[in-house]
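Next come the chains, spelled out residue by residue.
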Amino acid sequence: MTGSSRAEIRDGQVSVSELMACTGLECVSRLADGTFRPPAMAETLPFKLLLPEVGKVELRATPEARFCNLTNTIHGGWAMTMLDTAMSLAAQTTLAAGEVCPSLETSTKFVRPISIHSGVMHVTGYVVVRGRTLITLEGRIENAEGKIHAHGTSSCMIIPRKA
C-alpha cells in the first residue's frame, strides 16, 4: 500500500483522491464507460449505467429470481436501491471537483409489481432543483413499454471541497 493510506484504498478501485479530483459528471461518465471500476454493490445488485448528462442518469437493470420475496415478486428493496442509485448519481453529475453529496432521504412509491418476467427495467434519476446546499431529485422505474412500476424522490446535501 505504498503511496496510499488505508482510507484511500477501495478494494482495487480508483482512489478517493483520484475521485475527488474529478467533477461529478466526469466521475459518473468514467463509471459508465468502464474507466472507473464500479463499487462492489453493483455486483450485488447489477445494473448498466448509460452515459450521463448533467442532472440526469439512466440505468438498465434486469430483475433476477434471487431478488424475489415470499409472494414471488421482486423485493421492494431492489426497486428502492435502483432508484436511490440513479438519483444519487444524477445528483453527483452536478458537482464540482472535490464536492460530495450524501443522500439525506429517499422515498419510494410502488405502482405495480416487478417480477422476473418484467424484463429489462429502465431506471431514471434526474435533478429537479440544484441549490447551493441541497439537491432535490426524482426517479422512475419503467418497463420497456414505458409502464411505470415505481417512482421516488430524494434529497442530497452538498458538502463542499475542503480547502
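Refer to the preceding data block for the structure.
Note that the coordinates shown come from a computational prediction; the quantities given were computed from them, not determined experimentally. (Residues numbered from 1 in each chain as written. Predicted model: local features only at pLDDT ≥ 70, side-chain atom pairs only at ≥ 80, totals over all residues. Heavy atoms only, no water.)

**Student:** So what's going on with the overall build of the protein? Which residues, and what values?
**Tutor:** What the protein contains, in helices and strands, is 4 helices and 6 strands. Start at the N end of the protein and walk to the C end: the helices and strands fall as α-α-α-β-β-α-β-β-β-β. Rg of the C-alpha trace for the protein: 16 Å, near the compact-globule value of 15 Å for 163 residues, within the 12% margin. Along the first, second and third principal axes, the C-alpha atoms of the protein reach 50 × 35 × 25 Å. Considering the protein as a whole, with its 163 residues, one finds that 36% of them fall into the buried category. Element-wise, carbon and sulfur atoms account for 56% of the exposed surface of the protein, whose accessible area totals about 9,000 Å². (Helix = DSSP H or I, 4+ residues; strand = E, 2+ residues; numbered from the N terminus. Rg over C-alpha atoms; globule rule 2.2 N^0.38 Å. Buried < 20%, exposed > 50% of the residue type's maximum accessible area, 1.4 Å probe, protein only. Areas by Shrake-Rupley, 256 points an atom, 1.4 Å probe, with all protein chains shown as cover.)

**Student:** Summarise the nonpolar core; cite the residues concerned and give the values.
**Tutor:** Counting residues in each nonpolar core, the largest one holds 30 residues, and the members touching the most others are Trp78, Ile135, Leu137 and Ile141. Elements supplying a minimum of two residues to this core: helix H2 (24–33), strand E2 (56–61), helix H4 (76–92), strand E4 (121–130), strand E5 (134–142) and strand E6 (148–157). Here the element with the most residues in this core is H4; it accounts for 9 residues. Beyond its immediate sequence surroundings of up to four residues, Ile141 is in contact with Ala79, Met82, Leu83, Ile114, Met121, His122, Val123, Lys147, Ile148, His149 and Ala150. (Core = buried A, V, L, I, M, F, W, Y, C linked by side-chain atoms within 4.5 Å. Contact = heavy atoms within 4.5 Å.)

**Student:** A description of the sheet that holds E5 should follow, citing residues and the corresponding values.
**Tutor:** In any sheet, the strands associate via hydrogen bonds between backbone groups, in a parallel or an antiparallel arrangement. Spatially, the 6 strands line up as an open sheet ordered E1-E2-E4-E5-E6-E3, and their pairing is antiparallel. Looking along the sheet, the strands with just one partner apiece sit at the ends: strand E1 (48–49) and strand E3 (103–110). Direction of pairing for E3 relative to E6: antiparallel, over a ladder of 7 bridges. Residue pairing across strands places Phe110 opposite Ala150, the latter belonging to E6. (Pairing = 2+ DSSP bridges.)

**Student:** Could you give me a rundown of the environment of Trp78, with the residues and numbers involved?
**Tutor:** As for its position among the elements, Trp78 is in helix H4. When the C-alpha atoms of Trp78 and Thr93 are compared, they prove to be 23 Å apart, with 15 residues separating the residues in sequence. Filtering out sequence-adjacent residues up to four positions away, Trp78 remains in contact with Leu45, Ala61, Thr62, Pro63, Phe67, Ile114 and Met121.

**Student:** Provide a residue-level description of the pattern of salt bridges, including the pertinent values.
**Tutor:** One pass over the structure, following the stated rule, counts 6 salt bridges. Residues Arg37 and Glu43 are paired through a salt bridge, measuring 3.9 Å at the closest nitrogen-oxygen approach. Taking relative accessible area as the criterion, Arg37 reaches 40% and is therefore assigned partly exposed. Glu58 is the salt-bridge partner of Lys56, the closest N and O atoms lying 3.7 Å from each other. (Salt bridge = Lys/Arg side-chain N within 4 Å of Asp/Glu carboxyl O.)

**Student:** Give me the lowdown on the pairing of E6, citing residues and values where you can.
**Tutor:** Within E6, 7 of the 10 residues are buried, which leaves the element mostly enclosed by the surrounding structure. Here E5 pairs with E6 via 9 bridges, running antiparallel. The residue of E6 that forms the bridge with Leu134 is Met157. As consecutive antiparallel partners, E5 and E6 are separated by 5 residues, and within that stretch Gly146 has a phi angle of approximately 85°, a positive value.

**Student:** Account for the side chain of Thr124, with residues named and values stated.
**Tutor:** When you line up the elements, Thr124 lands in strand E4. With near-sequence residues (within four places) excluded, Thr124 lies in contact with Lys56, Val57, Glu58, Ala86, Glu138, Gly139 and Arg140.

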